[in-house]
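Residue-level structural notes
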Amino acid sequence: MSERSALVLFSGGQDSTICLAHALAHYDRVETVGFDYGQRHSVELECRPKIISAIKAAFPQWADKLGQDRLCDVSVLSGISDTAMIAETEIVIAENGLPNTFVPGRNLLFLTLAGAIAWRRGISNLIGGMCETDYSGYPDCRRGTLDAQALALSRGMDRPFNIETPLMWLDKAETWELAQELGGQKLVNLVIEETHTCYLGDREHRHEWGYGCGTCPACDLRAKGYETWRAKVPA
Ligand code: ZN
(Lines give C-alpha, C1' and ligand atoms only; values in the text may rest on other atoms or scores of the structure.)
Protein backbone atom coordinates (compact mmCIF):
# COMPACT_ATOMS: atom_id res chain seq x y z
CA MET A 1 0.00 0.00 0.00
CA SER A 2 1.39 3.37 -0.92
CA GLU A 3 0.79 6.17 1.56
CA ARG A 4 1.73 8.63 -1.13
CA SER A 5 -0.97 7.68 -3.59
CA ALA A 6 -4.64 8.55 -3.81
CA LEU A 7 -7.72 7.70 -5.83
CA VAL A 8 -10.00 10.69 -6.46
CA LEU A 9 -13.73 10.31 -7.07
CA PHE A 10 -13.79 12.63 -10.04
CA SER A 11 -17.15 13.56 -11.59
CA GLY A 12 -16.12 16.52 -13.71
CA GLY A 13 -17.80 19.00 -11.39
CA GLN A 14 -16.30 21.96 -9.60
CA ASP A 15 -15.89 20.21 -6.24
CA SER A 16 -14.25 17.03 -7.47
CA THR A 17 -11.92 19.02 -9.74
CA ILE A 18 -10.70 21.02 -6.75
CA CYS A 19 -10.31 17.73 -4.86
CA LEU A 20 -8.21 16.45 -7.75
CA ALA A 21 -5.99 19.54 -7.50
CA HIS A 22 -5.73 18.98 -3.73
CA ALA A 23 -4.62 15.38 -4.34
CA LEU A 24 -2.05 16.47 -6.93
CA ALA A 25 -0.67 19.04 -4.51
CA HIS A 26 -0.34 16.52 -1.65
CA TYR A 27 0.30 13.07 -3.16
CA ASP A 28 2.93 11.58 -5.46
CA ARG A 29 0.60 9.42 -7.55
CA VAL A 30 -3.03 10.22 -8.26
CA GLU A 31 -5.60 8.14 -10.10
CA THR A 32 -9.18 9.09 -10.88
CA VAL A 33 -12.51 7.32 -11.18
CA GLY A 34 -15.86 8.53 -12.47
CA PHE A 35 -19.28 6.93 -12.46
CA ASP A 36 -21.82 6.79 -15.24
CA TYR A 37 -25.16 6.11 -13.55
CA GLY A 38 -27.56 7.32 -16.19
CA GLN A 39 -27.44 10.95 -15.10
CA ARG A 40 -30.10 13.22 -16.66
CA HIS A 41 -27.34 14.54 -18.88
CA SER A 42 -23.80 13.43 -19.66
CA VAL A 43 -22.29 16.93 -19.69
CA GLU A 44 -20.27 16.40 -16.51
CA LEU A 45 -18.87 13.12 -17.83
CA GLU A 46 -17.89 14.79 -21.11
CA CYS A 47 -16.02 17.43 -19.12
CA ARG A 48 -13.85 14.86 -17.32
CA PRO A 49 -11.22 14.12 -20.01
CA LYS A 50 -11.09 17.81 -20.97
CA ILE A 51 -10.38 18.80 -17.37
CA ILE A 52 -7.63 16.19 -17.08
CA SER A 53 -6.02 17.45 -20.30
CA ALA A 54 -6.34 21.05 -19.17
CA ILE A 55 -4.70 20.24 -15.80
CA LYS A 56 -1.82 18.48 -17.56
CA ALA A 57 -1.31 21.45 -19.85
CA ALA A 58 -1.58 24.15 -17.19
CA PHE A 59 0.33 22.36 -14.41
CA PRO A 60 3.32 20.44 -15.79
CA GLN A 61 4.45 19.71 -12.22
CA TRP A 62 1.24 17.73 -11.73
CA ALA A 63 1.11 16.02 -15.13
CA ASP A 64 3.54 13.24 -14.23
CA LYS A 65 1.63 12.38 -11.08
CA LEU A 66 -1.61 11.69 -12.91
CA GLY A 67 -2.19 8.00 -13.45
CA GLN A 68 -5.09 5.97 -14.77
CA ASP A 69 -8.55 7.43 -15.19
CA ARG A 70 -11.51 5.05 -15.13
CA LEU A 71 -15.17 5.46 -15.92
CA CYS A 72 -17.36 2.85 -14.20
CA ASP A 73 -20.73 1.93 -15.60
CA VAL A 74 -23.19 1.95 -12.71
CA SER A 75 -26.32 2.28 -14.83
CA VAL A 76 -27.87 -0.26 -12.47
CA LEU A 77 -28.65 2.76 -10.26
CA SER A 78 -31.09 4.24 -12.74
CA GLY A 79 -33.08 1.02 -12.68
CA ILE A 80 -33.67 1.20 -8.94
CA SER A 81 -33.80 4.97 -8.43
CA ASP A 82 -36.37 7.43 -9.61
CA THR A 83 -34.96 10.80 -8.64
CA ALA A 84 -34.50 14.19 -10.26
CA MET A 85 -30.81 13.43 -10.85
CA ILE A 86 -31.81 10.69 -13.25
CA ALA A 87 -35.35 11.33 -14.46
CA GLU A 88 -36.56 14.48 -16.17
CA THR A 89 -38.59 15.71 -13.22
CA GLU A 90 -38.68 19.06 -11.52
CA ILE A 91 -36.18 19.57 -8.68
CA VAL A 92 -38.13 20.03 -5.44
CA ILE A 93 -37.76 19.34 -1.72
CA ALA A 94 -39.51 16.07 -0.95
CA GLU A 95 -41.62 15.28 2.12
CA ASN A 96 -38.63 13.69 3.86
CA GLY A 97 -36.86 17.08 3.81
CA LEU A 98 -34.33 16.00 1.18
CA PRO A 99 -34.24 17.42 -2.34
CA ASN A 100 -35.40 14.90 -4.92
CA THR A 101 -31.91 15.06 -6.44
CA PHE A 102 -30.88 12.67 -3.65
CA VAL A 103 -30.04 9.24 -5.09
CA PRO A 104 -30.24 6.76 -2.21
CA GLY A 105 -27.10 4.68 -1.80
CA ARG A 106 -25.22 6.48 -4.56
CA ASN A 107 -22.18 7.61 -2.61
CA LEU A 108 -22.09 4.37 -0.63
CA LEU A 109 -21.94 2.43 -3.88
CA PHE A 110 -19.37 4.78 -5.46
CA LEU A 111 -17.09 4.53 -2.43
CA THR A 112 -17.39 0.75 -2.39
CA LEU A 113 -16.40 0.56 -6.06
CA ALA A 114 -13.63 3.11 -5.51
CA GLY A 115 -12.40 0.98 -2.60
CA ALA A 116 -12.32 -2.11 -4.80
CA ILE A 117 -10.33 -0.27 -7.48
CA ALA A 118 -7.99 1.22 -4.88
CA TRP A 119 -7.42 -2.22 -3.36
CA ARG A 120 -6.30 -3.58 -6.73
CA ARG A 121 -4.09 -0.54 -7.34
CA GLY A 122 -2.43 -0.59 -3.91
CA ILE A 123 -3.98 2.73 -2.92
CA SER A 124 -5.33 3.38 0.56
CA ASN A 125 -6.47 7.00 0.27
CA LEU A 126 -9.83 7.77 -1.33
CA ILE A 127 -10.59 11.44 -1.90
CA GLY A 128 -14.05 12.86 -2.53
CA GLY A 129 -15.79 16.23 -2.64
CA MET A 130 -18.45 15.39 -0.07
CA CYS A 131 -19.38 18.39 2.01
CA GLU A 132 -21.68 19.03 4.95
CA THR A 133 -21.64 22.80 4.58
CA ASP A 134 -23.79 24.65 2.04
CA TYR A 135 -25.30 21.35 0.99
CA SER A 136 -28.74 19.90 0.82
CA GLY A 137 -28.30 17.62 3.79
CA TYR A 138 -27.52 14.52 1.77
CA PRO A 139 -26.93 11.96 4.55
CA ASP A 140 -24.26 10.15 2.52
CA CYS A 141 -22.15 13.33 2.37
CA ARG A 142 -21.82 13.55 6.14
CA ARG A 143 -18.48 12.88 7.78
CA GLY A 144 -20.05 10.32 10.13
CA THR A 145 -21.26 8.28 7.16
CA LEU A 146 -17.81 8.39 5.58
CA ASP A 147 -16.11 7.34 8.83
CA ALA A 148 -18.48 4.37 8.99
CA GLN A 149 -17.80 3.51 5.36
CA ALA A 150 -14.01 3.78 5.75
CA LEU A 151 -14.32 1.32 8.64
CA ALA A 152 -16.54 -1.02 6.58
CA LEU A 153 -14.09 -0.94 3.63
CA SER A 154 -11.08 -1.47 5.90
CA ARG A 155 -12.73 -4.42 7.64
CA GLY A 156 -14.28 -5.86 4.49
CA MET A 157 -11.08 -5.73 2.42
CA ASP A 158 -8.70 -6.24 5.35
CA ARG A 159 -6.64 -3.18 4.48
CA PRO A 160 -6.65 0.28 5.98
CA PHE A 161 -8.72 2.79 4.00
CA ASN A 162 -8.80 6.50 4.56
CA ILE A 163 -11.57 8.64 3.05
CA GLU A 164 -10.32 12.19 2.73
CA THR A 165 -12.83 15.01 2.21
CA PRO A 166 -10.99 18.32 1.75
CA LEU A 167 -14.22 20.26 1.22
CA MET A 168 -16.19 18.81 4.15
CA TRP A 169 -16.26 21.97 6.27
CA LEU A 170 -15.90 24.60 3.55
CA ASP A 171 -18.72 26.66 2.09
CA LYS A 172 -18.79 27.36 -1.65
CA ALA A 173 -16.91 30.66 -1.29
CA GLU A 174 -14.15 28.88 0.64
CA THR A 175 -14.04 26.19 -2.05
CA TRP A 176 -13.18 28.86 -4.67
CA GLU A 177 -10.60 30.22 -2.23
CA LEU A 178 -9.08 26.74 -1.92
CA ALA A 179 -8.81 26.54 -5.73
CA GLN A 180 -6.92 29.82 -5.68
CA GLU A 181 -4.60 28.57 -2.93
CA LEU A 182 -3.88 25.30 -4.73
CA GLY A 183 -3.33 26.56 -8.25
CA GLY A 184 -3.75 30.31 -8.36
CA GLN A 185 -5.84 32.10 -10.94
CA LYS A 186 -4.88 29.42 -13.50
CA LEU A 187 -6.81 26.82 -11.53
CA VAL A 188 -9.71 29.19 -10.86
CA ASN A 189 -9.97 29.84 -14.61
CA LEU A 190 -9.81 26.13 -15.35
CA VAL A 191 -12.64 25.48 -12.88
CA ILE A 192 -14.72 28.25 -14.45
CA GLU A 193 -14.16 27.14 -18.05
CA GLU A 194 -14.00 23.37 -17.87
CA THR A 195 -16.01 22.10 -14.90
CA HIS A 196 -19.73 21.55 -14.83
CA THR A 197 -22.19 21.58 -11.94
CA CYS A 198 -25.54 22.69 -13.46
CA TYR A 199 -28.24 20.08 -12.84
CA LEU A 200 -29.81 20.87 -16.22
CA GLY A 201 -26.62 20.32 -18.21
CA ASP A 202 -26.62 23.86 -19.63
CA ARG A 203 -23.29 24.66 -21.41
CA GLU A 204 -24.72 27.51 -23.49
CA HIS A 205 -24.92 30.27 -20.92
CA ARG A 206 -21.52 31.54 -19.75
CA HIS A 207 -21.51 33.49 -16.50
CA GLU A 208 -18.63 35.00 -14.55
CA TRP A 209 -18.53 31.75 -12.51
CA GLY A 210 -18.81 29.36 -15.44
CA TYR A 211 -21.46 27.65 -17.54
CA GLY A 212 -24.97 26.79 -16.43
CA CYS A 213 -28.65 27.68 -16.50
CA GLY A 214 -28.10 30.12 -13.65
CA THR A 215 -31.25 29.16 -11.80
CA CYS A 216 -31.08 25.51 -10.65
CA PRO A 217 -29.93 24.84 -7.04
CA ALA A 218 -26.42 23.81 -8.20
CA CYS A 219 -25.95 26.97 -10.29
CA ASP A 220 -27.33 29.07 -7.47
CA LEU A 221 -24.79 27.67 -4.99
CA ARG A 222 -21.90 28.00 -7.43
CA ALA A 223 -22.82 31.58 -8.37
CA LYS A 224 -23.38 32.77 -4.80
CA GLY A 225 -20.15 31.14 -3.63
CA TYR A 226 -18.21 32.78 -6.44
CA GLU A 227 -19.72 36.20 -5.79
CA THR A 228 -19.02 35.96 -2.04
CA TRP A 229 -15.43 34.92 -2.71
CA ARG A 230 -14.84 37.63 -5.34
CA ALA A 231 -16.21 40.26 -2.96
CA LYS A 232 -13.50 39.28 -0.46
CA VAL A 233 -10.49 39.32 -2.80
CA PRO A 234 -9.14 42.24 -4.84
CA ALA A 235 -9.64 41.81 -8.60
ZN1 ZN B 1 -28.16 25.14 -13.56
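First things first, this report covers the structure right here in the doc. (Residues numbered from 1 in each chain as written. Predicted model: local features only at pLDDT ≥ 70, side-chain atom pairs only at ≥ 80, totals over all residues. Heavy atoms only, no water.)

**Overview of the overall build of the protein chain**
Summing up its helical and strand segments, the protein chain has eight helices and seven strands in all. Contacts in the protein chain between residues at least 24 apart in sequence constitute 67% of all its contacts with a sequence separation of at least 6. In the structure as shown, the protein chain presents an accessible area of about 10,600 Å², 52% of it carried by carbon and sulfur atoms. (Helix = DSSP H or I, 4+ residues; strand = E, 2+ residues; numbered from the N terminus. Contact = heavy atoms within 4.5 Å. Areas by Shrake-Rupley, 256 points an atom, 1.4 Å probe, with all protein chains shown as cover.)

**Side note on the side chain of Asn125**
Within the secondary structure, Asn125 sits in strand E4 (residues 123-127). A distance of 3.1 Å separates a polar side-chain atom of Asn125 from the backbone oxygen of Ser5. (Polar contact = N/O pair within 3.5 Å; in protein donor to acceptor, adjacent residues only side chain to side chain.)

**Remarks on the coordination of the zinc ion**
All of the protein donors around the zinc ion are Cys198 (SG), Cys213 (SG), Cys216 (SG) and Cys219 (SG); their distances to the metal are 2.3 to 2.4 Å. Read in sequence order, the donor residues for the zinc ion give the motif C-x14-C-x2-C-x2-C. A relative accessible area of 0% means that Cys219 is categorised as buried. (Donors = N, O, S within 2.8 Å, 3.2 Å for Na, K, Ca; no water. Buried < 20%, exposed > 50% of the residue type's maximum accessible area, 1.4 Å probe, protein only.)

**A look at helix H6 (residues 143-157)**
The terminal C-alpha atoms of H6, which comprises 15 residues, lie 21 Å apart, in line with the 21 Å expected from a rise of 1.5 Å per residue. Next to the buried residues of H6 lie helix H5 (106-121), E4 and strand E5 (162-164). Asp158 sits one or two positions beyond H6 and adopts a positive phi of about 55°. (Expected span 1.5 Å × (residues − 1).)

**A look at the nonpolar core**
Ile55 and Leu126 are the most contacted members of the largest nonpolar core, which has 69 residues in total. Ignoring sequence-local partners within four residues, the contact set of Leu126 consists of Leu7, Leu111, Ala114, Gly115, Ala118, Leu153, Phe161, Asn162, Ile163 and Glu164. (Core = buried A, V, L, I, M, F, W, Y, C linked by side-chain atoms within 4.5 Å.)

**Considerations on the pattern of salt bridges**
Tallying each qualifying case throughout the model produces 10 salt bridges. Between Arg143 and Asp147 there is a salt bridge; the shortest N-O distance is 2.9 Å. Of this pair, Arg143 and Asp147 both sit in helix H6, four residues apart, which is roughly one turn of the helix. On the basis of relative accessibility, which here comes to 42%, the residue Asp147 falls in the partly exposed class. Between Asp220 and Lys224 there is a salt bridge, and its shortest N-O distance comes to 3.0 Å. Taken together, the residues Asp220 and Lys224, both in helix H8 (residues 217-232) and four residues apart, mark about one turn of the helix. What you see here is one network of salt bridges that share partners, running through Arg29, Glu31, Arg70 and Arg121. (Salt bridge = Lys/Arg side-chain N within 4 Å of Asp/Glu carboxyl O.)

**Some thoughts on the environment of Ser75**
In this structure, Ser75 sits in the loop between strand E3 (66-73) and helix H4 (76-80). With 39 residues separating them in the primary sequence, Ser75 and Asp36 have C-alpha atoms 6.4 Å apart. In contact with Ser75, not counting residues within four places along its chain, are Asp36 and Tyr37.

**Considering the side chain of Arg222**
Of note, Arg222 is situated in helix H8. Of the side chains with opposite charge, Asp15 lies nearest to the buried Arg222, which makes no salt bridge, at 7.8 Å. Looking at Arg222, its side chain comes within polar contact range of the side chain of Thr197, at 3.2 Å. With near-sequence residues (within four places) excluded, Arg222 lies in contact with Gln14, Trp176, Val191, Ile192, Thr195, His196, Thr197, Trp209 and Gly210. (Lys, Arg positive; Asp, Glu negative; His and termini not counted.)

**Regarding unusual backbone geometry**
One non-glycine residue with positive phi stands out, namely Asp158, at about 55°. Relative to the elements of secondary structure, Asp158 occurs in the loop between H6 and E5.

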